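Each chain, written out:
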Amino acid sequence: MLEIKNLTKTFYKGTVNERTALDNISLSLKDGDFVTVIGGNGAGKSTLLNAIAGVWQPCSGSIKLGGKELVGLPEHKRAKYLGRVFQDPMMGTAPDMMIEENLAIAARRGKCRNLKWMIGKIEREDYRELLKILELGLEDRLSSKVGLLSGGQRQALTLLMAAMKTPKLLMLDEHTAALDPKTAAKVLELSDMIIQENSLTALMVTHNMKEAIKHGNRLIMMDSGKIVLDIEGDEKKALTVEELIARFTAKSGESFAGDRALLG
Amino acid sequence: MTAFLESLLRALPGSAAQGLIWGIMAIGVYVTYRMLDYADLTVDGSIATGGAVCVMLILGGVNPWFALVAAFAAGAIAGLVTGLLHAVFGIPPILSGILSQLALYSVNMRILGKSNQAVSVDKYSLILSSRENMHAVLICAVAIAVLIGILYWFFGTEMGSAIRATGSNPNMSRSQGINTNRMKILGLSISNGLVGLSGGLLAQYSGAADVKMGQGAIVIGLAAVIIGQVIFGKLFRNTAIKFLSVVFGAILYYIVISIVVRLGLSPTDLKMFSAILVALFLALPSIKESIKSAKMMRQGKNA
């Protein structure tokens, strides 16, 4: 499904601040893979997702999704194939627009936006049904401005919007990190459900080792722009936090400075 | 006192007519400033461009209605240029507007041939004129009703909503497949088209196009947007009615202006007055906030 080859991204090239965020990364995802990505601050996790989303173009390498080369395409053209939920709950929705308008905008991802009136009766009913899945009562607040919702509600809505057009790849970028523990658990549960029901291929970045072990069928760990661990199948099912730390230390030759990664 | 009120009342139709014409311009400002979150300074130039194109076409024998359409188009092109400067060449919003505005001065001079070009209502069948204010008010009111109807429809369509989403959250818009650059260009074109149209109406109303007629226009537009929002913002939530509140803001602005002029303010001081007025309304939220926190502090001390 996703085929990344020799992907490299260096920021501030040729200056004293030069920093290699992605160092010749290769990664291959099968259809239906749910991969959790873990690593310390600055390991390159979010950079990897940004590279796939097309926030900027990489220095070299190739990103193929379903056989189609993404490198060179601008961000809005890649959106057709991708669904994305950001760490910041403010990033994924338009606060000045209503809940139904946000959904309607997501429903047209990858389509040409012309002079058709956006929301009709039938569509409104569809959205109401869709929002019921979240069990947050949003189905009764279709015309509320999204800016009035809480962070958790906005993340749940963003998740729904990202999965709406069945993306070829769903990218969750620490999407529960800014939420309180209870809401985070709820949003994670929703993510699991949506990924399973639509059998989506997904990449989930997290700081939390327990989460990374609990969710998905495969785990990769990143460090200084490289993938240092790649564990899947039964081996991943049997994984514990202690073992993960031990394997990381053995691999990188340094102790895992996972300040936040150890918590939770 | 009664004499003052009488003269004010007599001036009311004139204020209303001017308010309505500038109201169209203010709707244009609303589209960029509020919907697109883009402080566009092109308008000072594009309003004069609209006026100039309109007057020159009428002098050349073109139907005044068609001349208005051309004024819209000319304004839209000005907006397009600003949009391209920003979206394609990455020039910051304020600067791209200033550059267009500057260039438009020369363009407007070229169109007019001299700094002021009169078009007499006696010689040409103009749509409206300051000689018949009630008639002008009627024409403008109908025009605004039609315009708001069209804009309400447009900003409810897929394309119009994409423009609104771009202004509200460009990150989200791109990740939902919206070409935010294209939407900014489109929004700026529509906005400046409306400004050009208002310039065309203004030139017909006052019987002349002047290369300086747009000086400070952005401040009047902002005044209308902000006054409309502060006074009517709580009442109106619907998008169509929000456009209307901007027009009310413009009318209110012109009524206030006509009051202060009658109270003895010199016309040359008006720009100063407008600037203070807009600054005041813009400062209102933070003034409210500091009064509130001062109150809380006092309460805290007494507790």
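Located above this text is the structure these notes cover.
Here goes a summary of the coordinates provided.

The rules behind the values
Residues numbered from 1 in each chain as written. Chains lettered and ligands numbered in written order. Predicted model: local features only at pLDDT ≥ 70, side-chain atom pairs only at ≥ 80, totals over all residues. Heavy atoms only, no water. Helix = DSSP H or I, 4+ residues; strand = E, 2+ residues; numbered from the N terminus. Rg over C-alpha atoms; globule rule 2.2 N^0.38 Å. Buried < 20%, exposed > 50% of the residue type's maximum accessible area, 1.4 Å probe, protein only. Contact = heavy atoms within 4.5 Å. Areas by Shrake-Rupley, 256 points an atom, 1.4 Å probe, with all protein chains shown as cover. Lys, Arg positive; Asp, Glu negative; His and termini not counted. Charge placed at Lys NZ, Arg CZ, Asp CG, Glu CD. 1 Å grid on protein atoms, 1.4 Å probe; cavity = no way out; pocket = protein on both sides within 12 Å on 5 of 7 lines; lining within 4 Å. Points joined across faces, edges and corners; volume = space filled by probe spheres on them. Nonpolar A, V, L, I, M, F, W, Y, C, P; charged D, E, K, R; others polar. Expected span 1.5 Å × (residues − 1). Bend = angle between axes of the 7 residues up to and from the residue. Pairing = 2+ DSSP bridges. Buried area = accessible area lost by both parts, 1.4 Å probe. Salt bridge = Lys/Arg side-chain N within 4 Å of Asp/Glu carboxyl O. Core = buried A, V, L, I, M, F, W, Y, C linked by side-chain atoms within 4.5 Å. Patch = residues over 30% accessible without salt bridge, like charges linked within 9 Å, V, L, I, M, F, W, Y side chains within 5 Å.

Counting its secondary structure elements, chain A contains 10 helices and 10 strands. Taken over C-alpha atoms, the radius of gyration comes to 19 Å for chain A, in line with the 18 Å a tight globule of 264 residues would show. Seen along its three principal axes, the alpha-carbon backbone of chain A occupies a region of about 60 × 40 × 35 Å. Across the 264 residues in chain A, those meeting the buried criterion constitute 51%. Counting contacts in chain A only where the partners sit at least 6 residues apart, residues at least 24 apart contribute 67% of the total. With the model as given, the accessible surface of chain A reaches about 11,800 Å², and the carbon-plus-sulfur share is 51%.

Attention now goes to the overall build of chain B. Looking only at helices and strands, one finds 11 helices and two strands in chain B. Element order for chain B, N to C, with α for helix and β for strand: α-α-α-α-β-α-α-α-α-β-α-α-α. The C-alpha radius of gyration of chain B comes to 20 Å, within 12% of the 19 Å expected for a compact globule of 303 residues. Each principal axis of the C-alpha atoms in chain B carries an extent, and together these give about 75 × 60 × 35 Å. Counting all 303 residues of chain B, 52% fall into the buried class. Across chain B, the fraction of contacts at a sequence separation of at least 24, relative to all contacts at a separation of at least 6, is 79%. For chain B, the accessible surface area stands at approximately 13,900 Å², while carbon and sulfur atoms represent 68% of it. A gap of 8 Å separates the mean positions of the 21 positive and 10 negative side-chain charges of chain B.

Turning our attention to the layout of surface pockets. To find the voids left in a structure, one rolls a probe of water-molecule size over its atoms. All names here are of chain B. In this structure, the second largest pocket encloses a volume near 670 Å³. Along its surface, the second largest pocket is lined by 27 residues, and Q18, W22, I220, Y254 and L270 are the ones closest to its centre. Where the lining of the second largest pocket is concerned, the elements lending two or more residues are helix 1 (2–35), helix 8 (180–206), helix 9 (217–232), helix 10 (239–262) and helix 11 (270–302). It is helix 10 that provides the largest number of residues to the lining of the second largest pocket, a total of six residues. Considered class by class, the residues forming the lining of the second largest pocket number 15 nonpolar, nine polar and three charged.

Take helix 1 of chain B next. All names here are of chain B. The terminal C-alpha atoms of helix 1 lie 43 Å apart, and with 34 residues this falls more than 12% below the ideal 50 Å at 1.5 Å per residue. By the largest-angle criterion, A11 marks the main kink of helix 1, which is about 40°, and a proline, P13, follows within four residues. Positioned one or two residues after helix 1, D37 has a phi angle of 55°, which is positive.

Residues and elements named next belong to chain A. Burial of strand 6 (residues 82–85) is two-sided: the residues L82 and R84 facing one way and the residues G83 and V85 facing the other way are all buried. Looking at chain direction, strand 6 and strand 7 (residues 169–173) are connected through four bridges and run parallel. Directly across from L82, in strand 7, lies its bridge partner L169.

Moving on: the pairing of strand 8 (residues 202–206) of chain A. Residue and element names in this part refer to chain A. Summarising burial for strand 8: five of the five residues are buried, a large majority. Side-chain alternation along strand 8 places A202, M204 and T206 on one buried face and L203 and V205 on a second face that is also buried. Bridging between strand 3 (residues 34–38) and strand 8 involves five bridges; their strand directions are parallel. Among the inter-strand pairings, V37 is bridged to a residue of strand 8, identified as V205. Note that strand 7 and strand 8 share four bridges and pair parallel.

Okay, the interface of chain B and chain A next. Taken together, the 22 residues of chain B in the interface contact 28 residues of chain A. At the boundary of chain B with chain A, total buried surface from both sides reaches about 2,300 Å², with 56% on carbon and sulfur atoms. Counting the surface chain B buries against chain A, the share from its top three residues, E158, M172 and Q176 of chain B, is 31%. Inspection of the chain B/chain A interface yields three salt bridges. The salt bridge partner of E158 of chain B is R108 of chain A, with a shortest N-O separation of 2.6 Å.

Right, let's talk about the nonpolar core for a bit. Counting 115 residues, the largest nonpolar core has L131 of chain A together with F243 of chain B as its most contacted members. Here this core gets 13 residues from one element, more than from any other, and that element is helix 1 of chain B. Not counting the four nearest positions on each side in its chain, F243 of chain B is found in contact with I27, Y30, V31, M35, I148, L151, Y152 and F155 of chain B. Formed by 28 residues, the second largest nonpolar core is a distinct cluster that contains V35, L65, L82 and L203 of chain A.

Another point: helix 11 of chain B. Residue and element names in this part refer to chain B. If you check helix 11, its first and last C-alpha atoms are 45 Å apart, about what 33 residues at 1.5 Å a residue would give, namely 48 Å. Taken together, the buried positions of helix 11 are L270, S274, L277, V278 and F281. At its buried positions, helix 11 is contacted by helix 9 and helix 10.

Together, L115 and W117 of chain A together with L138, V142, V146, I150, Y152 and W153 of chain B make up an exposed nonpolar region whose accessible area comes to about 780 Å². Along the chain, V146 of chain B turns up in helix 5 (residues 133–154). Assessed through its relative accessible area of 48%, V146 of chain B is described here as partly exposed.

Turning to empty space enclosed by the protein, a few remarks are in order. As enumerated under the stated definition, the model contains one cavity of 30 Å³ or more in all. In this structure, the largest cavity occupies an estimated 70 Å³ of space. A53, E75, A79, L82, G83, R84 and M171 of chain A together with R174 and S175 of chain B together form the lining of the largest cavity. Counting only elements with at least two residues in the lining of the largest cavity, the list comes to strand 6 of chain A together with helix 7 (170–175) of chain B. The leading source of residues in the lining of the largest cavity is strand 6 of chain A, at three residues.

Attention now moves to the pattern of salt bridges. Residue and element names in this part refer to chain A. A full pass over the atoms with the stated rule returns 16 salt bridges over all chains. R218 is the salt-bridge partner of D33, the closest N and O atoms lying 3.5 Å from each other. With D33 in the loop between strand 2 (19–29) and strand 3 and R218 in strand 9 (residues 218–223), the pair connects residues that are 185 residues apart, well separated along the chain. The exposure class assigned to D33 is buried, which follows from its relative accessible area of 3%. Accessibility expressed as a relative area gives 5% for R218, which makes it buried.

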